[in-house]
Amino acid sequence: MVVTATLETGIAHAGPWGIALDGLLAAQLHDQAKTQLSPDAPAHIPVLEVDDPPVIELPLARCGTGQSWHWAATCAWPVDGHSHRPDVTYWMSKADHRDLEQLASSMPKTVSDARGRYRGHHMPIMTTICTAVTWHAVGDVDQVRALLLEVAAIGKKRRSGHGRVLSWTVSPATDLTLWQAGHLHPDGTLGRPVPTACVYGQQDVVTSGVGPAGIRPPYIHPATQQQLHLPVHPSL
Amino acid sequence: MSTLTGPGLDLTALRALRGLRRDHTPLLACIEAHVAAHDGYLAFSGGKDSAVVLDLARRVDPALPVVWFDSGCEFPETRTYIHDLADTWGLNLTVIRAQPTLLEVLVAGGGWDHRAPNRAAPNLHEVLITAPARLAHDMFGAGELWGVRSAEAKGRRHLHNAALAAQIRAHCRGCCPPRSLQQRQRHGGIVARVDDTIAYSPIWDWPTTRVWEYLAAHGIPLNPVYAKLRDLGAPEHATRVAHVVDANQLEAGRISWLRRGWPTLFAELVEHLPRLADFV
């Protein structure tokens, strides 16, 4: 299938390649599961505090066996704007000292803006300016569409208006083989982190080398990190 | 509407034209006098400022010892750049590696891991600066040439102002008019330390634009980390080639640029320093 998100301005992301479709779907299902918890259910444990995070079943096909399997879905690929550098804006934060005085029963002599827990931040947000991003995937088109229709924004800093989605399109891709749909960007370069078995015999596929990366959601969790062939980013 | 593909105005060429107008003869004389009086070495970090000082110094003495203090947590491009430059320019290069390395000290302290207790760790200043510099001075003498500039940070401006005042008090016995440019040029940039070593930065009062002009005018190859950071969209103040990670500039996006430009390096570091992920 081909999944397309038409965007208002673009998408902010920290990593060099786009956000993963399976990550988006897993986050949606994780959120749904949390909202359905009953009041007397055990307290929710953040996934990063679990040594072996449970696999959330997605409406996608699996590729690979053993510990090196992954969902057959790629990372976001901007449909235009490839020649542009990321648009860099900044978010800033500064501790409100008057607010702290009202909250705390006692205050130290000084609360530094330059060091320690309450120091100010001036952090870059790297936004890929584009009108839409697209993913390839293998799976159940209707279920994927139903999950994505509830996603109003993607990427980082969504609460600040970044990554707002105007519309979702999920359609079958009859011109792609199953392997292409599960691994490649529209330009034929590698579209997601994959183990060596996935690119064995595919000498023509352009990657950006081998390195540690998450193989499946939750991508940031240490248990999902493996040595993988890494995808190409359009701005590099 | 057509799209322009050419560079339009080549800013590097423009900088080079400006840089060529400058006469560096007095600076070369100061470097020569410093090396003659104190021997020593040139501390080369792979950054743009020390590249300028390196080029000036090799015009005075091509065999001057050049020392790279390898913290053990450097960009891979920096290592390659320094060794390539040493080959191309025939530098008398010595590499002094920090023991333990910066990465080992950061891991040992426990402060970069949410789950690890805080532990006593070696002092970073001692590990990265004092001990390697002591070794270099033992090998090459009391003098040091470095590319430290006042414009880089408030602390460095204070250092140079205090050092200038001390030099004038100690050595300027009417040799130049008080508070004159001549006095700054003759006595500025020299830092006499309590351990009897003496560092001299010939470019101590240069603004950043002048550094870029010099590099362009003399065709000095630059550390590729600069170009990579610029291509990522990093602003001037974030284009630094210092250690890959330490406690500085974390709240100014330093790790964000690392993750974007060096994703595998970032992932490997996060494995050992998990709190790095908090600064993206």
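Residues numbered from 1 in each chain as written. Chains lettered and ligands numbered in written order. Predicted model: local features only at pLDDT ≥ 70, side-chain atom pairs only at ≥ 80, totals over all residues.

## Some thoughts on the interface of chain A and chain B
Argument step 1. In this complex, chain A contributes 20 residues to the contact, which on the side of chain B involves 16 residues.
Argument step 2. Mapped by element, the contributors of at least two residues to the side of chain A that touches chain B are β7 (121-129) and β10 (210-214) of chain A.
Argument step 3. Examining the composition of the side of chain A that touches chain B, we find that five residues originate from one element, β7(A), more than from any other. (Contact = placed C-beta atoms within 7 Å. Helix = DSSP H or I, 4+ residues; strand = E, 2+ residues; numbered from the N terminus.)

## Comments concerning the pairing of β7(A)
Looking along a regular strand, one sees the side chains alternate between the two faces of the sheet.
Residues and elements named next belong to chain A.
Argument step 1. Where strand β2 (residues 10-12) meets β7, three bridges bridge the pair, whose relative direction is antiparallel. Note on β7: the bridge partner recorded for Ala12 is Thr127.
Argument step 2. In the sheet, strand β6 (residues 87-93) pairs with β7 via seven bridges, with the strands oriented antiparallel. The residue of β7 that forms the bridge with Asp87 is Thr127. (Pairing = 2+ DSSP bridges.)

## Description of the sheet that holds β2(A)
Residues and elements named next belong to chain A.
Argument step 1. Reading across from one edge, β2-β7-β6 is the order of the three strands in this open sheet, with antiparallel pairing throughout. Since the sheet does not close on itself, it has two edges, and those belong to β2 and β6, each with one partner. Mean inter-strand twist for the sheet, computed between neighbouring axes without regard to direction, equals 35°. (Axes fitted to C-alpha atoms, helices over the stretch in contact; angles between N-to-C directions.)

## Some remarks on the packing of helix α3 (residues 48-60) of chain B against helix α9 (residues 208-217) of chain B
All names here are of chain B.
Argument step 1. Remark: α3 packs on α9, axes separated minimally by 10 Å, with the N-to-C direction vectors making an angle of 55°. The orientation of α3 with respect to α9, classified from their angle, is oblique. Crossing of α3 over α9 shows left-handed handedness. For the pair formed by α3 and α9, the contact residues are Lys48, Asp49, Ala51 and Val52 on the first element and Val211, Tyr214 and Leu215 on the second.
Argument step 2. Here the contact of α3 with α9 is built from residues that sort into five nonpolar, no polar and two charged. (Parallel < 35°, antiparallel > 145°, perpendicular 65-115°, else oblique. Left-handed = near helix turned anticlockwise from the far one by under 90°. Nonpolar A, V, L, I, M, F, W, Y, C, P; charged D, E, K, R; others polar.)

## Examining the nonpolar core
Argument step 1. Ranked by internal contacts, the top residues of the largest apolar core, which has 113 residues, are A:Ala137, B:Leu42, B:Val53 and B:Val67.
Argument step 2. Take this core: its biggest share by element is six residues, from α3(B).
Argument step 3. Residues within four places of B:Val53 in sequence aside, it is in contact with B:Leu42, B:Leu145, B:Trp146, B:Gly147, B:Ser201, B:Pro202 and B:Ile203. (Core = buried A, V, L, I, M, F, W, Y, C linked by C-beta atoms within 7 Å. Buried ≥ 20, exposed ≤ 12 C-beta atoms within 10 Å, placed from the backbone.)

## Here we look at helix α5 (residues 102-109) of chain B
Residue and element names in this part refer to chain B.
Argument step 1. Along α5, the residues classified as buried are Leu102, Val105 and Leu106. For α5, the buried positions fall inside an angular range of 100° around the axis, keeping them on one side.
Argument step 2. Gly110 sits one or two residues past α5 and shows a positive phi near 80°. (Arc of directions from axis to C-beta.)

## Some thoughts on the sheet that holds strand β5 (residues 190-192) of chain B
Residues and elements named next belong to chain B.
Argument step 1. The mixed open sheet is built from six strands, whose spatial order is β3-β2-β1-β4-β6-β5. Two strands close off the open sheet at either side, each with one partner strand: β3 (92-97) and β5. Going across the sheet, the axis of each strand differs from the next one's by a mean of 30°, ignoring polarity.
Argument step 2. Direction of pairing for strand β1 (residues 41-43) relative to strand β4 (residues 143-145): parallel, over a ladder of two bridges. By the bridge assignment for β4, Tyr41 is matched with Glu144.
Argument step 3. Contacts from helix α2 (residues 25-38) reach β4 and β6 (198-200), with the element oriented near 150° to β4.

## Focus on the environment of A:Arg192
All names here are of chain A.
Argument step 1. Tracing the sequence through the fold places Arg192 in the loop between α4 (178-183) and α5 (196-199).
Argument step 2. For the pair Arg192 and Arg117, spaced 75 residues apart in the sequence, the C-alpha separation amounts to 36 Å.
Argument step 3. For Arg192, the contacting residues outside a window of four places in its chain are Ala20, Ala73, Thr74, Cys75, His183 and Pro231.

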